[in-house]
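Summary of structural features
Here is how the chains run, residue by residue.
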Amino acid sequence: MIEVKNIKKTFGDKTVIEDVSAVMKAGQCNLIIGASGSGKTVLMKCMVGLFEPDGGHVLYSGQDFTAMSNEEKTEIRKEIGMLFQGSALFDSLTVEQNIMFPLSMFTTWSHKKKLDRVNEVLARVNLVDTNKKYPAELSGGMKKRVGIARAIVLNPKYLFCDEPNSGLDPQTSLVIDRLIKEITLEYNITTVVNTHDMNSVMEIGNYILYMYKGNKEWEGNKKEIIFSKNQRLNDFIFASEFLQDAKDMRMLEEAGKISDDRNMDEMLDKDAPSLVPPDEE
Ligand SMILES: Nc1ncnc2c1ncn2[C@@H]1O[C@H](COP(=O)(O)OP(=O)(O)O)[C@@H](O)[C@H]1O
Ligand SMILES: [Mg+2]
């Protein structure tokens, strides 16, 4: 479990995180969603200690990370895996060397033991036999999987993923989302994912924190998000008219108001033009 308590962060005279509190649950995918610039990355960096917050506390399993000495922080950092936006692999290192890097930094294991562990995590992300490849030889989805393998190589208790789907097509995004979810459940990790991808929310979001201009605007689970009446959240999620209608339908259905097919047809018809690809119109 990770607790965020009244985190504040400013850059110069610009307040970027105003006052955010949240609890990221163990063994779950906790999602931070919000428009670009809403503060997701800054909040994540405050959580992992890449930024020093100007106020507030971050607690890892009850221990106050913000109040720790550098030595104590290093101990917590060993338990944190991070998948950076854009994967952040070392271009001049092979896949194997990239994944081995944290092991060389934080363990005194023999080369054989490190290599065994690298192969273990490579198998877990379905990338056996890519050891000697360089990042430039990999597809976007494969790079993310190498990033995930590197993030979990030290068996972390906490996993942070900043926009894991950026630059990926919807199908590959789904593969990455599912992999993150499976790994979270399998190893009982407290996972935090920054995203603005609504597919991810519905696929993996157990707990969802919606950020708006540096504040926590809303929190809840993926069922609650569908029925939320928060206007800013709805404007963000149901950005298209079609999705807004789908939501209205879902709410009507829930209230037992859709009694016949004609009623549903009428609602669908309202948005018909945007459902037809332009070249078929
Ligand atoms: N190192 C920095 N120095 C100054 N401003 C920053 C820095 N990092 C982020 N910001 C600002 O903080 C705000 C939130 O940024 P960010 O957390 O990256 O948003 P998100 O990840 O939600 O897209 C933005 O207005 C951004 O310009
Ligand atoms: Mg960001």
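These notes cover the structure that comes with them. If you're wondering where the values come from, they're calculated on a predicted model, not measured in any experiment.

Some points on the site of ligand 1
- The environment of ligand 1 is formed by Phe11, Val16, Gly34, Ser36, Gly37, Ser38, Gly39, Lys40, Thr41 and Val42.
- Take the shell around ligand 1: its biggest share by element is three residues, from helix 1 (residues 40-48).
- For the shell around ligand 1, the class distribution of residues is three nonpolar, six polar and one charged.

Considering the environment of Leu83
- Within the secondary structure, Leu83 sits in strand 6 (residues 80-83).
- For Leu83, a count of 26 C-beta atoms within 10 Å translates into the label buried.
- Residues within four places of Leu83 in sequence aside, it is in contact with Gly147, Ile148, Ala151, Cys161, Asp162 and Pro164.

Description of the packing of helix 3 (residues 95-106) against helix 5 (residues 140-152)
- Put simply, helix 3 and helix 5 touch, their axes get as near as 7 Å, and they point 30 degrees apart. Considering their axes alone, helix 3 and helix 5 lie roughly parallel with respect to each other. Like other packed secondary-structure pairs, helix 3 and helix 5 cross with a definite hand, here right-handed. For the pair formed by helix 3 and helix 5, the contact residues are Val95, Asn98, Ile99, Phe101 and Pro102 on the first element and Val146, Ala149 and Arg150 on the second.
- Tallied by class, residues from the contact of helix 3 with helix 5 come to six nonpolar, one polar and one charged.

Regarding the sheet that holds strand 10 (residues 215-220)
- Spatially, the six strands line up as an open sheet ordered 6-7-8-3-9-10, and their pairing is mixed. Strands with a single pairing partner mark the edges of an open sheet, and in this sheet they are strand 6 and strand 10. Going across the sheet, the axis of each strand differs from the next one's by a mean of 15 degrees, ignoring polarity.
- Its contacts with the sheet put helix 1 on strand 3 (29-33), strand 6, strand 7 (158-162), strand 8 (190-195) and strand 9 (207-212), and the angle it makes with strand 8 is roughly 155 degrees.

A word on the pairing of strand 10
- By the bridge criterion, five bridges tie strand 9 to strand 10 in an arrangement that is antiparallel. Residue pairing for strand 10: Leu209 is matched across the bridge by Glu219.
- In this antiparallel pair of consecutive strands, strand 9 and strand 10, the connection spans two residues, and Lys213 shows a positive phi of 45 degrees.

A short note on the environment of Asn221
- Within the secondary structure layout, Asn221 lies in the loop between strand 10 and helix 8 (222-227).
- Remark: the alpha-carbon pair of Asn221 and Asn206, spanning 15 residues in sequence, is separated by 5.5 Å.
- Here Asn221 is in contact with Asn206, Tyr207 and Ile208, once residues within four sequence places are set aside.

A word on the sheet that holds strand 1 (residues 2-11)
- Here four strands make up an open sheet; going across it, the order is 2-1-4-5 and the pairing antiparallel. The sheet terminates laterally at strand 2 (14-24) and strand 5 (63-64), the two strands that pair on one side only.
- Helix 1 rests against strand 1, strand 2 and strand 4 (55-60) of the sheet, and its axis sits at about 120 degrees to strand 1.

Here we look at the pairing of strand 4
- As defined by bridge partners, strand 1 adjoins strand 4 across five bridges and the pair is classed as antiparallel. Bridging from a neighbouring strand, Val4 pairs with Val58 of strand 4.

Cut-offs used in this document
Residues numbered from 1 in each chain as written. Chains lettered and ligands numbered in written order. Predicted model: local features only at pLDDT ≥ 70, side-chain atom pairs only at ≥ 80, totals over all residues. Near = placed C-beta within 6 Å. Helix = DSSP H or I, 4+ residues; strand = E, 2+ residues; numbered from the N terminus. Nonpolar A, V, L, I, M, F, W, Y, C, P; charged D, E, K, R; others polar. Buried ≥ 20, exposed ≤ 12 C-beta atoms within 10 Å, placed from the backbone. Contact = placed C-beta atoms within 7 Å. Axes fitted to C-alpha atoms, helices over the stretch in contact; angles between N-to-C directions. Parallel < 35°, antiparallel > 145°, perpendicular 65-115°, else oblique. Left-handed = near helix turned anticlockwise from the far one by under 90°. Pairing = 2+ DSSP bridges.

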